[in-house]
Structure formats: C-alpha cells, structure tokens
Amino acid sequence: MRRIGIAGDFSKGFLLFCYKSFIFAVSFFLTNTATSWAADKIAKIEVFPPTPYEGYIIYESLAIFWLFIISLIVIIRMKLREIERIQELGVENEDPDAPVLR
Amino acid sequence: MNCPRLKDWLDERYDWVGMKKLAKSKLIPEHRYDLWYYTGGITLFLFILQFITGMLMALYYVPHIDFAHKSIIEIVTKLNMGWFFRSLHHWGAQLCIAFLFIHLFGTLLLKSYRKPREFVWVTGFVLLGISIFFGLSGYLLLWDERAFAATRVATGGAGAFPVIGWFIKAFLRGSMDVTGDTLLRFYAFHVAILPIITLGLVGLHLILVQYHGMSVPLSLEKEKLREAPFFPNVFYKDLMIWLVVTGVLVTLTVLMPPEIGVKADPLAPPPENIKPEWYFLFLLQTLKLFPGEILGLNGETIAILLVACAILFFFLIPFFDRKSARGEKSPLYTWIGVIYLLYFLTMTVVGFLS
C-alpha cells in the first residue's frame, strides 16, 4: 500500500507538474503573442532621433540658431537706426549732377 | 558689395534705377496700430516656407493607401533631417492658419476692408478658406486612424448641407466612403490644385494691396501721420519679425514633433475622444450645441446651414457696412467683429478642453 501510495504521490506530483507546465506554456505563449499584437498597435513611432547624443546635438544647434537670430536682429536694428539717422539728416537723396567715380 | 559691371549689364537691359526709385517711393504710414501690417507679411513668409517644406516632402511621399503611412514613417525615421522637415511643415501650417486668423480679425476690427478695399478682403477671406482646406487635405495624407476618422467626420458633415451636400461629400470623397480614392484626391488638391489657386490669389491680393496702398484706421484718418519708405525701413522691420517667427517655428519643430498614429483601418472603430485640428473645433462645438432633431428637421443640417449663413455674412461684411464706406465710425460692426472673435476663441478653448 505504501509503495502504491508513493507511486500515487509521484504520479500526482508529476501530473501536477505537467499541468502547471502546460498552463505556464500556454499562458506564456498567449501573453507573448498578445503583447506582440498589442505592441504592433501601440508601438510608438520615433518622431525624434532617439539617441541621447543626437538629442544633445539638436538642442545645442537650436541654442546656436537662437544666438544667430538674435545677432542678426541686432545687426539689422543697428543698420536700420543708421538709415533712419541719415534720412532725418536729409542727405540720402542723390545729387543727379554729382560726378560718378569709377 | 559693388559690382559696376553687373550694374551696367542690368542697366542696359532693365530700368534698374527706375525700379529702385519705385521701391523707395512706396510709403507706409506709421501709427500705433501699424503692428497689424506685419501680420500679412508673416503669413506670406509662412506660406513660402510651407511651399518649400511641402516640395521636399513630396519627393518621398507615396499617395497610396498601402504605402502612404509607411512612406511618412520612412521620411521621419530613415531620411536625414526628415523628422525635422515634416515637423516644420506641420508647425508651419499651424502658425500660418493662426496668423491668417489674426490678420483677418485685425482687418475686421480696424475696418481695413472698407471702400475701396472690398476685394482685398474678399481675396484674403478666400485664401483663409483655401488654407483651411489645405490643412484638411494635408491631415489625411498621414493616413493614420485619427486622420481617417477626422476626414470621415468632416466630409460627412459637409454631406449634411442641404440640397448640394451629397454632391460636396461625393466630390470630396471620390467614392461612398473615405478610401484610397479620397487619399489620391486629397493629395491632388494638396500638392497641385490648391497651390495653383493660392499662388494666383496671393498675387492678386498683393497687387490689390499695392494698388490701394495701406489702409489707415478710421480714428486716425484725419491725423497727419508720419510715413516711412517700404524699402529699406519697413522691409528691415519685416525681416526682424520673420527671424523671430522662424525661431519660434524651429523651436516648436524641435520640441514638439507631431506624433504618427496607427495606420488607418477602414473597418476598425474610430479611436476614442477624437478631435479635429484646432481651427475646426469651434465648428464641432457648435454642432454639439444642437439637438438631433428640431421641429422634425435634422438638427445637424440646421446647424450647418446656420454656420454657413454666419460665415457668408462674415464674408460679405464690407458690402453691408455702409457707414465705414462713407468714412463714418460704425460701432455695430466693431461689436459684430468682437462677438465673432469671442465666439471663435471660446468654442475653440471649450473644444480643446472637453
């Protein structure tokens, strides 16, 4: 009886192990497939270069671009002031009789 | 830079000196509202940027339902700076329409539409309508589920218009539903038909502005105003403003590149909480205000008819406002303008938050 009992315990354990393995395998398969299906749907498309190095270069370029814009604005503003100053003096009108130097 | 030989070469062929004199002879009045003059220049600048970035995108885009979405993903992920130009095109369109609205409401509130500038208003208004259609047609080209659902709603809404609605809907879709035919049709509108009409109308608008000169607000008409030559004074100011707009545009482009959704599936249910582009939100909110049925008639049809009447009245304001045409103050039309502006802003904000 004892031997049968041991055999019975063993077979029970084995069956339980097989059952658990099967459930695990099926659920693992289903979970994996489910995630990959979902992954296809949800996967975010990278709309910005993903590496930190590229990100750093882009943000740095943006800062330099703003510096360039501000510098250009300052130069144009200075040029405009100079033009307005000359216009106020009234000396910008060309003299049609002035000799042309070449 | 002094190139006497080039100058001589040009002088022999063209009246170079005459052209310079003409550019300097155009005068712009200076007053406390003259900032509004620059909104038109900004819009023109953004239009040009849209044309350039659009041409670059058109080199790689494939207008077919099987490849459209994929081609945009490839532009963004595989091409050098592809993500940047797509984002620049997206944000350029948003800013362009925003500045068109600012320019429109500025013109309305300053009564710049009054006699003899009615056709300047008409061409500008038509350009706004075309720009909105540019936005709608460009949105579908992405061919993701949101673009697909939004186009279905927009073209379906046009179908609710009485008598000619079915024709507009069929004309826009090219078939019973939004399909590959619609995509091809919208592509043709976006890259060929609308740009040609836009070029013609922008040209006409600019010629009319040059012909009539800059409008001065009614309240300042009797004052003696200082005038500055367009070239170089106002042109340099334009340049500075364009530089700032470019900076803002590039910053938005880099910090907020637009997302790409899942490829459109005509059989899938529409995504939850779908919203159209911001400039359609006021229309959507207005439609939501109406019940499904009013006195046995379709509520949506009545709503669309009322909105169409309101837009038509807005379009014809220069012809209704007789007081402004006579040079008198017309507070009624100022209030009408303010009400239109407040309604547009409120409904857009409510639509955005809901």
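In this report, the structure presented in the accompanying data block is examined. All values derive from a computational prediction rather than experimental measurement.

**Focus on the overall build of chain A**
Piece 1. If you tally the helices and strands in chain A, you get two helices and zero strands.
Piece 2. Every one of the 102 residues in chain A was classed for burial, and the buried ones make up 1%.

**Observations regarding the overall build of chain B**
Piece 1. From N to C terminus, chain B includes 15 helices and four strands.
Piece 2. A compact globule built from 354 residues should have a C-alpha radius of gyration of about 20 Å, and chain B, at 23 Å, falls within 12% of that.
Piece 3. Dimensions of chain B along its principal axes, counting C-alpha atoms only, are 65 × 55 × 35 Å.
Piece 4. Counting across all 354 residues of chain B, residues that qualify as buried make up 29%.
Piece 5. Residue pairs in contact within chain B that sit at least 24 positions apart in sequence constitute 77% of those at least 6 positions apart.

**Points about the packing of helix H5 (residues 82–109) of chain B against helix H6 (residues 118–141) of chain B**
Residues and elements named next belong to chain B.
Piece 1. Remark: H5 packs on H6, axes separated minimally by 10 Å, with the N-to-C direction vectors making an angle of 155 degrees. One way to sum up the angle between H5 and H6 is to call them roughly antiparallel. For the pair H5 and H6, the crossing hand works out as left-handed. Touching Ala 93, Cys 96, Ile 97, Leu 100, Leu 104 and Thr 107 of H5 are Trp 121, Gly 124, Leu 128, Ser 131, Ile 132, Gly 135 and Gly 138, all from H6.
Piece 2. In terms of residue class, the contact of H5 with H6 is built from eight nonpolar, five polar and no charged.

**Observations regarding the packing of helix H11 (residues 281–289) of chain B against helix H15 (residues 331–353) of chain B**
All names here are of chain B.
Piece 1. Viewed as axis vectors pointing N to C, H11 and H15 meet at an angle of 80 degrees, and their least axial separation amounts to 8 Å. Taken together, the axes of H11 and H15 lie roughly perpendicular to each other. For the pair formed by H11 and H15, the contact residues are Leu 281, Phe 282, Leu 284, Gln 285 and Thr 286 on the first element and Phe 344, Met 347, Thr 348, Val 350, Gly 351 and Phe 352 on the second.
Piece 2. For the contact of H11 with H15, the per-class residue count stands at seven nonpolar, four polar and no charged.

**Describing the interface of chain A and chain B**
Piece 1. Taken together, the contact pairs 20 residues of chain A with 21 residues of chain B.
Piece 2. Per-element tally for the side of chain A that touches chain B: the top contributor is helix H2 (residues 52–89) of chain A, with 13 residues.
Piece 3. Partitioning the side of chain A that touches chain B into residue classes produces 14 nonpolar, no polar and six charged.

**Digging into the nonpolar core**
Residues and elements named next belong to chain B.
Piece 1. Core analysis: the largest hydrophobic core is formed by 56 residues, its most contacted members being Leu 46, Ile 72, Cys 96, Trp 143 and Ala 147.
Piece 2. Among the secondary structure elements, those contributing two or more residues to this core are helix H3 (37–58), helix H4 (68–77), H5, H6, helix H7 (145–159), helix H9 (180–212), helix H10 (230–255) and H11.
Piece 3. Residue contributions to this core peak at 12 residues, all from H5.
Piece 4. If we skip the residues at most four places from it in the chain, Cys 96 touches Thr 43, Leu 46, Phe 47, Gln 50 and Ser 131.

**As for H5(B)**
Piece 1. Taking 1.5 Å of rise per residue, 28 residues should cover 40 Å, and H5(B) covers 41 Å from first to last C-alpha, within 8% of that figure.
Piece 2. Phi for Lys111(B), located one or two positions after H5(B), is positive at around 60 degrees.

**Describing unusual backbone geometry**
The general pattern is negative phi for most residues beyond glycine and trans for most peptide bonds.
Residues and elements named next belong to chain B.
Piece 1. Following Lys 115, the chain continues to Pro 116 via a peptide bond in cis, the omega torsion being 10 degrees.
Piece 2. Structurally, Pro 116 can be placed in the loop between H5 and H6.
Piece 3. Phe 231 connects to Pro 232 through a cis peptide bond whose omega is 10 degrees.
Piece 4. With respect to the secondary-structure elements, Pro 232 resides in helix H10.

Thresholds, definitions, all that
- Residues numbered from 1 in each chain as written.
- Chains lettered and ligands numbered in written order.
- Predicted model: local features only at pLDDT ≥ 70, side-chain atom pairs only at ≥ 80, totals over all residues.
- Helix = DSSP H or I, 4+ residues; strand = E, 2+ residues; numbered from the N terminus.
- Buried ≥ 20, exposed ≤ 12 C-beta atoms within 10 Å, placed from the backbone.
- Rg over C-alpha atoms; globule rule 2.2 N^0.38 Å.
- Contact = placed C-beta atoms within 7 Å.
- Axes fitted to C-alpha atoms, helices over the stretch in contact; angles between N-to-C directions.
- Parallel < 35°, antiparallel > 145°, perpendicular 65-115°, else oblique.
- Left-handed = near helix turned anticlockwise from the far one by under 90°.
- Nonpolar A, V, L, I, M, F, W, Y, C, P; charged D, E, K, R; others polar.
- Core = buried A, V, L, I, M, F, W, Y, C linked by C-beta atoms within 7 Å.
- Expected span 1.5 Å × (residues − 1).

Honestly, that's just the spatial picture; any functional story needs more than this.
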